[in-house]
Number of protein chains: 2
Amino acid sequence: MAKRMTIKELAKILNVSISTVSKALNDSDEISPETIKRVKETAKLYGYRANFIAKSLKSQSTNTLGVIIPDVLNYFFVQLLHGIENEARKQGYNVMTCISHEKISNEKANIIALTNGQVDGILFCPSEETQNTIDLTHIEELSNNNVPFVTFDRSLHDIKASGVLSNDFFSAYDATNYLIKNGGEKTYLFASHVGLSVMKERIKGFKQAMREHHILKDSSVVEISEEKDYEVFIKEFLASTKVDGILTIDELLSVKAVKIATKLKINIPKTLKVIGFSNGEISAQFSPSISSVDQRAGLMGKEAVTLMIEMLKNENSREVVVKTVPAVLIHRETTKI
Amino acid sequence: MAKRMTIKELAKILNVSISTVSKALNDSDEISPETIKRVKETAKLYGYRANFIAKSLKSQSTNTLGVIIPDVLNYFFVQLLHGIENEARKQGYNVMTCISHEKISNEKANIIALTNGQVDGILFCPSEETQNTIDLTHIEELSNNNVPFVTFDRSLHDIKASGVLSNDFFSAYDATNYLIKNGGEKTYLFASHVGLSVMKERIKGFKQAMREHHILKDSSVVEISEEKDYEVFIKEFLASTKVDGILTIDELLSVKAVKIATKLKINIPKTLKVIGFSNGEISAQFSPSISSVDQRAGLMGKEAVTLMIEMLKNENSREVVVKTVPAVLIHRETTKI
DNA sequence: CTGTTAGCGCTTTCAC
DNA sequence: GTGAAAGCGCTAACAG
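About the thresholds
Residues numbered from 1 in each chain as written. Chains lettered and ligands numbered in written order. Predicted model: local features only at pLDDT ≥ 70, side-chain atom pairs only at ≥ 80, totals over all residues. Heavy atoms only, no water. Helix = DSSP H or I, 4+ residues; strand = E, 2+ residues; numbered from the N terminus. Rg over C-alpha atoms; globule rule 2.2 N^0.38 Å. Buried < 20%, exposed > 50% of the residue type's maximum accessible area, 1.4 Å probe, protein only. Contact = heavy atoms within 4.5 Å. Areas by Shrake-Rupley, 256 points an atom, 1.4 Å probe, with all protein chains shown as cover. Near = heavy atom within 4 Å. Polar contact = N/O pair within 3.5 Å; in protein donor to acceptor, adjacent residues only side chain to side chain. Nonpolar A, V, L, I, M, F, W, Y, C, P; charged D, E, K, R; others polar. Least-squares fit on C-alpha atoms with pLDDT ≥ 70 in both.

**Q** If you had to explain the overall build of chain A to someone new, which residues and values would you point to?
**A** Secondary structure assignment for chain A yields 14 helices and 12 strands. Computed over the C-alpha atoms, the radius of gyration of chain A is 26 Å, more than 25% above the 20 Å expected from 2.2 N^0.38 for a compact globule of 337 residues. Once the C-alpha set of chain A is aligned to its principal axes, its extents read approximately 90 × 40 × 35 Å. For chain A, buried positions account for 55% of its 337 residues. Restricting to contacts in chain A with at least 6 residues of sequence separation, those with at least 24 account for 73%. Of the roughly 14,800 Å² that chain A leaves accessible, carbon and sulfur atoms contribute 51%.

What follows is the structure, given as structure tokens:
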């Protein structure tokens, strides 16, 4: 960034002191209206813009929020980011974005990058690796560095931190009940990435619903681990098993399930109903369009910002607040009755 | 951000001067090895971390890049952002993201927010509104404020600025040729958002290919403006027109076209071949999977960062550099022969 | 080898 | 109503 007009230069031009200029620009009532006018006019004339960095150094706050998301190519997280961006901007905050790519090493680097005074607080979604490990020292360091932070979507089991979560348990419970009541007893959950906190909750919710209907079996939860085997695996499963309803733990699995079922000439939604999670772009555009649990990621992002800003306002209070955003089940062609 | 250890406090603790600490931490050869060791150990002990804001103020550079993208819920831009993020982080830069939502008013606000000294340079993709107007004063202001900036994807007609673009003309030309040669003469372009520079180029490329085969008609370019009418419009078009091949100017139109054609029992790819633009998530997952021009958005983002960093290195040179990233045509089921 | 000092651009207390 | 001066945390010329 090249040379720019400063308060100092303005003062010289106007033949007043630096502090007068500063006060005038901030509408201080210590300064006469005429001076204020004169200063402001000259400032405008010379295109003066206050230096944010200097202000930040002085005020010890940057009006900037750091965000760490696991994956930016995932529509769900992008919606979250969108919600965060929007709300932050609305509240006068800038957003500095980091992507962990689901790796704990990147996450550590991101945390280090963000805890050097550039941001007032951090909005943070733990990576998949982080959720699969018990070593959370890098996150404890956040507390040690006194960096206000809130988590979103995924939770940190041991560390108690403020955050905003989706009600994954209930969403899954609810969707499963729908499938059982409108489909039948042969309801299954397609699961993957089961190490993630959100997935665990969804599995619990599914099981709970199945249990209440006395139809939970060991085989009810179908874990599908390797992405490249998805289509083959599902094909074999659907060809060999009578299925009324499938709840899938993420969007991709729902797309694959619907695709394969269609190819196998299984009638959707008449004989098979499908509900996915994380209502993304594909669910709406696919043919047939796929019903999905919409976690209202944008709203979660917004709420995370709200939480953060409240936290920044009451820095003394170390109260831990956990907000829950209710999801909504969106019915499309794979469940149309 | 709460109180943190500073150089000053370290100096007090160590009973040396502030500058000694500073120099020691920066491995200055003015300082004895023992002192350096002592200082560093104490710094580590107390969890000292240099204050980035103070450094920035001193050095007049923030190691931060500003990014303005029109839409973060668009997979293409997200790929771009991903490429930018990755490369920037690799080069030791932070990224501050702004979203214009295709609105000139937001874009102005974003530019103002980013030109207050927080970023060393701006990577910028003009909003749709900006591309439809001739009022580019807010962008000229960037130059006036001496903020280094590069554009990406979309260009600024009048203002000459460095940037990285996709070769939209050639990609469209190439894809059209493919359709003509492997499909037939009844090839059409489905177009929308025609005010965008990239769309104009694609239309030109399409027309050029059609012209060279002496089959360009007024009706060859089918403009489809309102999103809500897409499906109805396309249905009527396909029902009333004999079509061998369709090139669509974006991803959504290709999805809609394939969906409707399938419903109309048109055999894809045998009687109708379809190629979309902006190879997104849906193209790959759709059934049939949709062939698409992949603009390698990630690479564009990376190149934009490279360009920016070179610019920052040679701040004296005001050379305008425009890079072009070649796209690649990805064949999927809608063009499989 | 270490320390003093000035200064990055800004705010703010305290004098005048 | 205005100005001088200190200081936010850091670096770097210059002195010692």
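And the narrative resumes.
**Q** Report on the protein's contact with DNA strand C, specifying residues and quantitative values.
**A** In the vicinity of DNA strand C there are 28 residues, among which Y48(A), S19(B), T20(B), K23(B) and E30(B) approach most closely. Taking all atoms of DNA strand C within 4 Å of the protein, the share assigned to sugar and phosphate is 58%. Between DNA strand C and K23(A) there is a distance of 3.2 Å, counted from a base oxygen to a side-chain nitrogen or oxygen. Separating a base nitrogen of DNA strand C from a side-chain N or O atom of K58(B) is a distance of 2.9 Å. Element by element, the count of residues in the surface near DNA strand C is highest for helix α2 (residues 18-25) of chain A, at 4 residues. Here the surface near DNA strand C is composed, by residue class, of 9 nonpolar, 11 polar and 8 charged.

**Q** Account for the protein's contact with DNA strand D, naming residues and giving values.
**A** In the neighbourhood of DNA strand D, 28 residues make up the surrounding shell, with T20(A), K23(A), E30(A), I7(B) and Y48(B) lying closest. Counting only the atoms of DNA strand D within 4 Å of the protein, the fraction contributed by sugar and phosphate is 59%. Within the side chain of S22(B), an N or O atom sits 2.8 Å from a phosphate oxygen of DNA strand D. Of all the secondary-structure elements, those providing two or more residues to the surface near DNA strand D are α2 and α4 (52-59) of chain A together with α1 (7-14), α2 (18-25) and α4 (52-59) of chain B. A total of 4 residues in the surface near DNA strand D trace back to one element, the largest contributor, which is α2(B).

**Q** Describe the environment of F124(B), naming the residues involved and giving the relevant values.
**A** All names here are of chain B. With respect to the secondary-structure elements, F124 resides in strand β3 (residues 121-124). Distance in space between the C-alpha atoms of F124 and V150 is 6.1 Å, their sequence separation being 26 residues. In contact with F124, other than residues within four places in its own chain, are I68, E107, I139, F149, V150, T151, F152 and L156.

**Q** Lay out the relation of the copies chain A and chain B in plain terms, naming residues and giving numbers.
**A** Once chain A is rotated about the relating axis by 180° and shifted along it by 0.0 Å, it coincides with chain B to within an RMSD of 0.0 Å. As the rotation angle and translation indicate, the two copies are arranged about a two-fold axis. Taking C-alpha positions as reference, the residue of chain A nearest the rotation axis is M96(A), located at 2.2 Å. Interface overlap between copies: 100% of the residues of chain A at the interface are likewise at the interface in chain B, consistent with a symmetric, same-surface contact.

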